[in-house]
Amino acid sequence: MDIKTATALRRLRLVSAPEAVSFLILLVCSVLKRTTDFDAVPVMGAIHGVLFILYVIFWADAWNRAKWPLKTAALYFILSVLPTGGFFAERKLRREAEDAVIAARARKEGVVNA
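Note that the structure is predicted; figures quoted are calculated from it, not measured.

Per the UniProt record, the feature "domain: DUF3817" (unreviewed entry) sits at residues 9–95. The span residues 9–95 is 87% helical and 0% strand by assignment, and the distance between its end C-alpha atoms comes to 11 Å.

This is the structure we're talking about:
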């Protein structure tokens, strides 16, 4: 894996958890808006919107650089629109990064010729 691909995957991983948190907070704010006088939806909506747009941009870049199959790219996109999906995306991306590091070390040491 080249450095640009690794960077694209890292960016996507780093934005996925905050995007999921902002989505959950936005849902709570929506409920509070309907049940109380507390209205933080405009602020949280803007924050979540920015994080979601960043997620989609980073997702497209990672898909392009990592050459994911359509199924994998669709999975990461679907995870972005589920309330807790960003947490699962972050975990899966972290595992992929760790596997790539292990494979790179094994190739460097001559253990495998992959």
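With that out of the way, let us pick up the pattern of salt bridges. Scanning all chains against the criterion turns up four salt bridges. Residues Arg-11 and Asp-61 are paired through a salt bridge, measuring 2.4 Å at the closest nitrogen-oxygen approach. With Arg-11 in helix 1 (residues 3–35) and Asp-61 in helix 2 (residues 41–66), the pair connects residues that are 50 residues apart, well separated along the chain. For Glu-90, the salt bridge is made with Arg-13, and the minimal N-O distance between the two is 3.2 Å. A residue pair is termed long-range when its members are at least 10 positions apart, and Glu-90 in helix 4 (residues 85–109) and Arg-13 in helix 1 qualify at 77 residues. Beyond isolated ion pairs, a larger network of salt bridges with shared partners links Arg-11, Asp-61 and Arg-65.

UniProt's feature table lists "transmembrane region" (unreviewed entry) at residues 39–60 and 72–89, given in the numbering used throughout. In this annotation, residues 39–60 is assigned 91% helix and 0% strand; the end-to-end C-alpha distance for the span is 33 Å. Each end of residues 72–89 is marked by a C-alpha atom, and these two atoms are 11 Å apart; helix forms 83% of the span and strand 0%.

Our focus in this paragraph is a nonpolar patch on the surface. Together, Phe-77, Ile-78, Val-81 and Leu-82 line one region of the surface with nonpolar side chains, adding up to about 320 Å² of accessible area. Residue placement: Val-81 occurs in helix 3 (residues 70–81).

So, on to the packing of aromatic side chains. Overall, the coordinates contain three aromatic pairs when judged by the stated rule. A ring pair is formed by Trp-59 and Trp-63, whose centres lie 5.2 Å apart and whose planes are at 40°; its orientation type is tilted. One end of the pair, Trp-59, and the other, Trp-63, are both in helix 2, four residues apart, so they sit about a helical turn from each other. By relative accessible area, which is 30% here, Trp-63 ends up partly exposed. Between Trp-59 and Phe-77, the aromatic rings sit 5.1 Å apart at their centres with planes inclined by 50°, giving tilted as the arrangement. Of the two residues, Trp-59 is situated in helix 2 and Phe-77 in helix 3; the sequence distance between them amounts to 18 residues. Through successive ring pairs, a cluster of aromatic residues spans Trp-59, Trp-63 and Phe-77.

What counts, and at which threshold
Residues numbered from 1 in each chain as written. Predicted model: local features only at pLDDT ≥ 70, side-chain atom pairs only at ≥ 80, totals over all residues. Heavy atoms only, no water. UniProt positions renumbered as here; feature names shortened; annotations may be inferred. Helix = DSSP H or I, 4+ residues; strand = E, 2+ residues; numbered from the N terminus. Salt bridge = Lys/Arg side-chain N within 4 Å of Asp/Glu carboxyl O. Patch = residues over 30% accessible without salt bridge, like charges linked within 9 Å, V, L, I, M, F, W, Y side chains within 5 Å. Areas by Shrake-Rupley, 256 points an atom, 1.4 Å probe, with all protein chains shown as cover. Phe/Tyr/Trp six-rings, centres within 6.5 Å; stacked < 30°, edge-to-face > 60°. Buried < 20%, exposed > 50% of the residue type's maximum accessible area, 1.4 Å probe, protein only.

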